[in-house]
Amino acid sequence: MKIGSSELILNADHSIYHLNLLPEDLSDTIITVGDPDRVPLVSQYFDTIEIKKGKREFHTHTGTLKGKRISVISTGIGTDNIDIVLNELDALVNIDFNSRTVKKHPTSLNIIRIGTSGAIQPHIPIDSFLLSEHAIGLDSLLHFYDSSSIQHHEIQQAFIQHTNWCKDKSTPYVVGCDKELAEILTSDKIRYGFTATNVGFYGPQGRTLRLKTQDDKLNSKLASFKFKDKQISNLEMETSGIYGLSKLLGHRAVSLNCILANRSTGEFSTKPEKSIHELITYTLDKLTKGL
């Protein structure tokens, strides 16, 4: 079935609407970062850079490292932006832009988030690296899709009960990483965690400036929640959306977090730039050797 012009929006040069990319601009291995300024921090390690494109907060560099073609793209902050990025990345590889039809043989992308995060457990060290084995989305993104089959409903219900979750907020959803891709990125430098993806930076993460939050004990409830061997480890703003849409679309996704803050102890990294660079080089090394 042909996809309408209002559904698949293309620019005048036939590039996808928001990302401003053509299908040939994209590798099948993609690193996502939130901050557009972090794109060149990744691509500086490439041996060659063939593509540099940008539009709004979405900047992309595609190049090669040790013979491996890699794209790095900035998503901006939040799962609303992830909805744009994941759907348009998928369209670039799985929709024929000329016929506006879905291709018969789908392509599966490898999507690796390199992001910063704050721990909520006191034992998680500052400047450590954490792989999100699961993510609980406190946003509403996945509920707009037919996604029940990929959610971990038992964990969700336990969380709702434990936190006495407010009925006026979106129902939390739990999704997992791709285990095969996680195995490629694992080493003794990586700890596994259960990440909470928040819908905002201030109130949703328990920060108060001039506004009172609906639940001033939310962070302590997150930290004290346990389901079998799972305990929520850290807070950020994209992982659940990346995991959910990747699973629905048939892509492999892993989120790697550089822990710059510990909300439980009140600490913040004294060397954030150095720690982020270390996670970037670690990830690139693993990708060039393992994929």
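Described in the following lines is the structure provided in the data block. For clarity, every value in this text was computed on a predicted model and none was experimentally measured. One numbering rule holds for all chains: residues counted from 1, following each sequence as written. Restriction of local features to residues with pLDDT of at least 70 applies here, the model being predicted, together with a cutoff of 80 or more for giving and counting side-chain atom pairs; totals for whole chains, interfaces and linings are based on all residues. As a rule here, side-chain values come from all non-hydrogen atoms in the structure, and water together with hydrogens is ignored.

## Focus on the packing of helix α2 (residues 79–94) against helix α6 (residues 239–249)
Part 1 of the reasoning: Only the stretch in contact is used when a helix axis is fitted, and all axes are lines through C-alpha atoms; the angle between N-to-C directions ranges over 0 to 180 degrees. Going along the chain from the N terminus, every DSSP run of H or I of four or more residues is numbered as a helix, and every run of E of two or more is numbered as a strand. Contact geometry of α2 with α6 gives a least axis separation of 9 Å together with a crossing angle of 30 degrees. In this view, α2 runs roughly parallel relative to α6, as classed from their interaxial angle. Every pair of crossing elements has a handedness; the one defined by α2 and α6 is right-handed. Contacts between α2 and α6 involve Thr-79, Ile-82, Asp-83, Leu-86, Asn-87 and Asp-90 from the first element and Ser-240, Gly-241, Ile-242, Leu-245, Ser-246 and Leu-249 from the second.
Part 2 of the reasoning: Three residue categories are used. Nonpolar comprises Ala, Val, Leu, Ile, Met, Phe, Trp, Tyr, Cys and Pro, charged comprises Asp, Glu, Lys and Arg, and polar comprises the others, including Gly. Looking at the contact of α2 with α6 residue by residue, the classes come out as 5 nonpolar, 5 polar and 2 charged. Each angle is binned into one of four classes, with values under 35 degrees roughly parallel, values over 145 roughly antiparallel, values of 65 to 115 roughly perpendicular, and all other values oblique. Crossing handedness follows the turn of the near helix against the far one: under a right angle anticlockwise gives a left-handed crossing, and clockwise gives a right-handed one. Residues count as neighbours in contact if any of their non-hydrogen atoms are within 4.5 Å of one another.

## Digging into the pairing of strand β8 (residues 129–137)
Part 1 of the reasoning: Exposure is judged per residue with a 1.4 Å probe applied to protein chains only, and the accessible area is read against the type maximum: over 50% gives exposed, under 20% gives buried, and values in between give partly exposed. With 8 of its 9 residues buried, β8 lies for the most part within the structure.
Part 2 of the reasoning: Alignment of β8 against strand β10 (residues 190–197), held across 8 bridges, turns out to be parallel. Across the sheet, residue Gly-137 finds its bridge partner in β10, namely Thr-197.
Part 3 of the reasoning: Across 3 bridges, β8 lies against strand β13 (residues 252–262) in antiparallel orientation. In the strand pairing of β13, Phe-129 is matched with Cys-258.
Part 4 of the reasoning: The pairing of β8 with strand β9 (residues 173–176) spans 4 bridges and is antiparallel. Residue pairing in the sheet places Ala-135 in a bridge with Val-175 of β9. When DSSP locates at least two bridges between a pair of strands, those strands are taken to pair.

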